[in-house]
Amino acid sequence: MNSYKNKILIFIILLISFLIYTNVLYFTELKPIPAPNKSAQRGKILWQEKNCTSCHQLYGLGGHLGPDLTNIYENKPESYIKVFLKNGTNVMPNFHLSEQEINDFMEFFKYTNSTGIANPTSYIKQADGTIKQK
Ligand code: HEC
């Protein structure tokens, strides 16, 4: 009988803990994602039209022939990125992009960089079991 009461007590404690934890997670304010500007929006359309995702990933999703480009804006100098966009490489095709299109891609990469981190090993685990980016 005593053990039955203990089970009920443990069940109630777990249930209350679950409800508190769920509520805390549900009502925690998330960092708002900034809206892309016009140029970044054009860059996103170009990204889709040129099918860059067949070889590159964003947020870890996409092809794996080339590197993930989510945070390239932060990790590589602008001039370095522009060389790839202008000329391609032995493996990456030259898309013959105009100056405007190259700038749109730069704005798009600036935007993706501000919205998340692609590398999960850099995430910080928090005490409540969630992860934090930056
Ligand atoms: C056929 C596959 C392919 C496609 C399609 C492709 N790329 Fe690439 N890209 C690569 C590869 C592979 C590399 C790595 C350099 C190399 O080995 O040539 C690369 C490198 C890059 C880099 C430099 C990354 C770094 O960290 O050094 C940028 C920026 C880039 N690509 C942008 C683009 C954009 C924008 C598009 C779409 C317009 C695109 N790529 C389409 C294969 C591709």
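See above for the structure.
The shown structure was predicted, so the numbers you read here are calculated from the model rather than taken from an experiment. (Residues numbered from 1 in each chain as written. Predicted model: local features only at pLDDT ≥ 70, side-chain atom pairs only at ≥ 80, totals over all residues. Heavy atoms only, no water.)

Colleague: Can you lay out the site of the ligand for me, pointing to particular residues and giving the numbers?
Modeller: Every one of the 22 residues lining the ligand counts as a neighbour, but Cys-52, Cys-55, His-56, Thr-89 and Met-92 are closest to it. Within the side chain of Tyr-80, a nitrogen or oxygen atom sits 2.5 Å from an oxygen atom of the ligand. In the model, an oxygen atom of the ligand is placed 2.4 Å from a nitrogen or oxygen of the Thr-89 side chain. With 4 residues, helix α4 (residues 78-87) is the largest single contributor of residues to the shell around the ligand. Split into classes, the residues belonging to the shell around the ligand amount to 16 nonpolar, 4 polar and 2 charged. (Near = heavy atom within 4 Å. Polar contact = N/O pair within 3.5 Å; in protein donor to acceptor, adjacent residues only side chain to side chain. Helix = DSSP H or I, 4+ residues; strand = E, 2+ residues; numbered from the N terminus. Nonpolar A, V, L, I, M, F, W, Y, C, P; charged D, E, K, R; others polar.)

Colleague: Summarise the nonpolar core; cite the residues concerned and give the values.
Modeller: If you look at the biggest cluster of nonpolar residues, it comprises 14 residues, and the most contacted ones within it are Trp-47, Leu-69, Ile-81, Leu-85, Phe-105 and Phe-109. Counting residues per element, this core draws most heavily on helix α5 (residues 99-115), at 5 residues. Not counting the four nearest positions on each side in its chain, Phe-105 is found in contact with Gly-43, Leu-46, Trp-47, Cys-52, Leu-85 and Leu-97. (Core = buried A, V, L, I, M, F, W, Y, C linked by side-chain atoms within 4.5 Å. Buried < 20%, exposed > 50% of the residue type's maximum accessible area, 1.4 Å probe, protein only. Contact = heavy atoms within 4.5 Å.)

Colleague: Run through α5, naming residues and quoting values.
Modeller: The terminal C-alpha atoms of α5, which comprises 17 residues, lie 25 Å apart, in line with the 24 Å expected from a rise of 1.5 Å per residue. For α5, the complete set of buried residues consists of Ile-102, Asp-104, Phe-105, Met-106, Phe-108, Phe-109, Tyr-111, Thr-112 and Asn-113. Buried residues in α5 make contact with α2 (38-49), β1 (57-58), α3 (72-75) and α4. (Expected span 1.5 Å × (residues − 1).)

Colleague: Talk me through the packing of α4 against α5; I want residue IDs and the actual numbers.
Modeller: α5 packs onto α4 with a crossing angle of 130° between their chain directions and a minimal axis gap of 10 Å. Viewed along their axes, α4 and α5 adopt a mutual orientation that is oblique. α5 is crossed by α4, and the crossing has right-handed handedness. Taken together, the residues of α5 that come into contact with α4 (itself represented by Glu-78, Ile-81, Lys-82, Leu-85 and Lys-86) are Glu-99, Ile-102, Asn-103, Phe-105, Met-106 and Phe-109. (Axes fitted to C-alpha atoms, helices over the stretch in contact; angles between N-to-C directions. Parallel < 35°, antiparallel > 145°, perpendicular 65-115°, else oblique. Left-handed = near helix turned anticlockwise from the far one by under 90°.)

Colleague: Before we move on, can you summarise unusual backbone geometry with the specific residues and values?
Modeller: Phi at Asn-51 is positive, roughly 55°, even though this residue is not glycine. For Asn-51, a relative accessible area of 41% corresponds to the partly exposed category. Positive phi values are uncommon outside glycine, yet Tyr-59 reaches one of about 55°. Mapped onto the fold, Tyr-59 is located in the loop between β1 and β2 (61-62). In this structure Tyr-59 comes out as partly exposed when scored by relative accessible area, which is 42%.

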